[in-house]
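Tertiary structure, described
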Amino acid sequence: MKDRLVAKRFRNMALLFAMTIFTTVFTAAFHGRYLDEIVLLLLVDTIFFLLFWYVLEYHRLQKNIAGNRETSFRRILKGYTVSCGLIFVSSFLPEFGKPVFLVPVIIAGAGSPVIGLYAGVFLNLLLCLAAESNLWECVLYVFFALLGCMLAEGMEHRKLKDVWYAVSALAVCAMLPGSFYYLAYREVKPEPFFFGVAEGVISAAVLLFFYRRIALVKEHEIVDILEDILEENYPLCRELRNFSKVDYNHARRVSRVASACAKLVGADACICAAAGFYYRIGILEGEAIGENGVRIAQRECFPEVIIRIISEYNGTAALPSDLESAIVHMVDGLIKKIEVFDSETMSSEWNQDMVIYQTLNDFSAQGLYDKSGLSMNMFLKIREYLVNKETLL
């Protein structure tokens, strides 16, 4: 499938950049930086962000962000926004007492540890530049970014119990601020240690009680999207309903029946339900239904598996390449055939059974499912289920 510049992703990237600019301007202005200094900081923002955009796109294409090649960066935008807010608030706190250990952790939870590292180091340095922190404080916050991402990556790989990561965060935050304060001023003060312990307690609590939940949501991003796009009030769903009640009802039938068939043979019912509903979404833009459907699905940042099934619409451009695609093709073709007949003709159980047998046998004889992994046993199970148990209209 050809990758496209998608408006939804571009909009989120623009919002990421805008959030960076706002954080820089407001933080620098509140701390009395001159206009020329703010302009130079904005230049630094621009250079970083161009490279950060490349990094995000690379990791997206490698499926390193929630395992979803078609992610919209929405979760990263949320994590980045929270982190920018934390940076701004932290700038008003005493030196060596800014709670920025969580900045890379939050972004790592929203995207990935590598993205958290890049953004965390940048935002922590941006804080130091905008608030005119001394060198040792800058070094401390870079250490925080590195160590925070290390712990976040360990949490995601589940190598140790959560409590050990929490204890490590507490120890790091409690020990380092006072140590770096001594390196900066060659004197010992209790305040950096107190602030460090407070930050350590908060960071440990986040890692212990919240990070797994954040990461779990990320892991389930595709499932959550599949559930969202099947909601009655989803914009594209409403658009199809307003466009044609007939096509909307067809899509609902295919979604329901394909999901039931998937459960019967061990396929993914959520994928079949979503792909079944949007299989003919390209009809909104006229002919070339498969190609138009792919364009619409990419515009909406649907999961890649749904886009691929839509691209195999009717087996024209490509034959069904997996079990879910075969099921959706089979059910869509069958329901289209049944909808051609009037309700009086289909009121006869014998007539409907004959249409099911003939249609599915024709699909099988044409070799449409040879590359899909649909076995003959699965095919027969689905066929008998549709004949004996499923209501198609």
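Nothing here was measured: the structure is a model prediction, and the numbers come from that model.

Attention now goes to a negative patch on the surface. Together, Asp224, Glu227, Asp228 and Glu231 give the surface a local cluster of negative charge. Along the polypeptide, Asp224 turns up in helix 10 (residues 221-228). Given the relative accessible area of 31%, Asp224 is considered partly exposed.

So, on to the pattern of salt bridges. Tallying each qualifying case throughout the model produces 20 salt bridges. The residue Arg9 makes a salt bridge to Glu70 at a minimum N-O spacing of 3.6 Å. Separated by 61 residues along the polypeptide, Arg9 in helix 1 (residues 7-30) and Glu70 in the loop between helix 2 (35-61) and helix 3 (74-90) bring together distant segments of the chain. As far as the burial class goes, Arg9 and Glu70 line up, both buried. Residue Glu232 is joined to Arg252 by a salt bridge in which the shortest nitrogen-to-oxygen separation is 3.7 Å. Placement of the pair is Glu232 in the loop between helix 10 and helix 11 (235-243) and Arg252 in helix 12 (residues 245-265), with a sequence separation of 20 residues. Connected via shared salt-bridge partners are Lys8, Glu285, Arg295, Arg299 and Glu300.

To continue, consider the nonpolar core. The biggest cluster of nonpolar side chains holds 57 residues, and the ones touching the most others in it are Tyr278, Phe302, Ile327 and Leu386. The dominant element in this core, judged by the number of residues it contributes, is helix 16 (residues 323-340), at 9 residues. Counting 47 residues, the second-largest nonpolar core is a separate cluster that includes Phe96, Leu126, Leu127 and Cys128.

On to the packing of helix 13 (residues 269-278) against helix 16, then. Geometry of a packed helix pair, given as the angle between the helix axes and the separation of the axes. Axis separation between helix 13 and helix 16 bottoms out at 9 Å; the angle between their running directions is 45 degrees. Regarding the angle of helix 13 to helix 16, the classification is oblique. As for how helix 13 packs across helix 16, the hand of that crossing is right-handed. Contact residues: helix 13 offers Ile271, Cys272, Ala275 and Gly276, while helix 16 offers Glu324, Ile327 and Val328.

We now examine the state of the cysteines. One pass over the structure, following the stated rule, counts 0 disulfides. For the unlinked cysteine Cys84, the closest cysteine sulfur is that of Cys128, found at 15 Å.

The next point concerns unusual backbone geometry. A positive phi is found at Lys63, a non-glycine position, where the angle reads about 60 degrees. Here Lys63 shows up in the loop between helix 2 and helix 3.

Let us look at the packing of aromatic side chains. Counted under the stated rule, the structure contains 21 aromatic pairs. Ring geometry for Tyr54 and Tyr58: centres 6.5 Å apart, planes at 25 degrees, overall stacked. With Tyr54 and Tyr58 both in helix 2, this residue pair falls 4 residues apart, about one helical turn. Among the aromatic residues, those joined into a ring-pair cluster are Phe17, Phe48, Phe49, Phe52, Tyr80 and Phe122. Sitting above the plane of the Tyr248 ring, Arg241 keeps its charged end 5.3 Å from the centroid.

Looking now at the environment of Met155. Looking at the secondary structure, you find Met155 in helix 6 (residues 135-157). For Met155, the residues in contact, after removing those within four places along its chain, are Asp162, Tyr165, Leu207, Tyr211 and Arg212.

Turning our attention to the confidence of the model for the chain. Across the chain, the average pLDDT comes to 89, with 95% of residues at 70 or higher. Ranking the elements of the chain by mean pLDDT puts helix 17 (residues 343-346) last, at 52, and helix 1 first, at 95.

All right, on to helix 7 (residues 162-185) then. With 24 residues, helix 7 should cover 34 Å at 1.5 Å per step; its first-to-last C-alpha distance of 36 Å lies within 8% of that length. With its phi angle positive at about 55 degrees, Arg186 sits one or two positions after the end of helix 7.

Turning to the environment of Leu56, a few remarks are in order. Position of Leu56 among the secondary structure elements: in helix 2. Taking the C-alpha atoms as reference points, Leu56 and Asp247, separated by 191 residues in sequence, lie 37 Å from one another. Apart from the residues within four sequence positions on either side, Leu56 is in contact with Met13, Leu16, Ile65, Phe73, Ile76 and Ile115.

Here we take up the packing of helix 2 against helix 5 (residues 113-131). Running from N to C, helix 2 and helix 5 cross one another at 175 degrees; their axes reach a closest spacing of 11 Å. Comparing their axes, helix 5 and helix 2 come out roughly antiparallel. Along the contact surface, helix 2 presents Leu41, Val44, Asp45, Phe48, Phe52, Val55, Leu56 and His59, while helix 5 presents Val114, Ile115, Tyr118, Ala119, Phe122, Leu126, Leu129 and Ala130. Its residues placed into classes, the contact of helix 2 with helix 5 shows 14 nonpolar, 1 polar and 1 charged.

Before going further, it helps to examine a nonpolar patch on the surface. Nonpolar side chains collect at one region of the surface, where Trp136, Tyr182, Leu183, Val188, Phe193 and Phe194 lie side by side and expose about 590 Å² of accessible area between them. Where the nonpolar patch is concerned, the elements lending two or more residues are helix 7 and helix 8 (190-209). For Phe194, the position within the fold is in helix 8. A relative accessible area of 59% places Phe194 in the exposed class.

Cut-offs and rules
Residues numbered from 1 in each chain as written. Predicted model: local features only at pLDDT ≥ 70, side-chain atom pairs only at ≥ 80, totals over all residues. Heavy atoms only, no water. Patch = residues over 30% accessible without salt bridge, like charges linked within 9 Å, V, L, I, M, F, W, Y side chains within 5 Å. Areas by Shrake-Rupley, 256 points an atom, 1.4 Å probe, with all protein chains shown as cover. Salt bridge = Lys/Arg side-chain N within 4 Å of Asp/Glu carboxyl O. Lys, Arg positive; Asp, Glu negative; His and termini not counted. Charge placed at Lys NZ, Arg CZ, Asp CG, Glu CD. Helix = DSSP H or I, 4+ residues; strand = E, 2+ residues; numbered from the N terminus. Buried < 20%, exposed > 50% of the residue type's maximum accessible area, 1.4 Å probe, protein only. Core = buried A, V, L, I, M, F, W, Y, C linked by side-chain atoms within 4.5 Å. Axes fitted to C-alpha atoms, helices over the stretch in contact; angles between N-to-C directions. Parallel < 35°, antiparallel > 145°, perpendicular 65-115°, else oblique. Left-handed = near helix turned anticlockwise from the far one by under 90°. Contact = heavy atoms within 4.5 Å. Disulfide = S-S within 2.5 Å. Phe/Tyr/Trp six-rings, centres within 6.5 Å; stacked < 30°, edge-to-face > 60°. Lys NZ or Arg CZ within 6 Å of the ring centre and 35° of its normal. pLDDT = per-residue confidence, 0-100. Expected span 1.5 Å × (residues − 1). Nonpolar A, V, L, I, M, F, W, Y, C, P; charged D, E, K, R; others polar.

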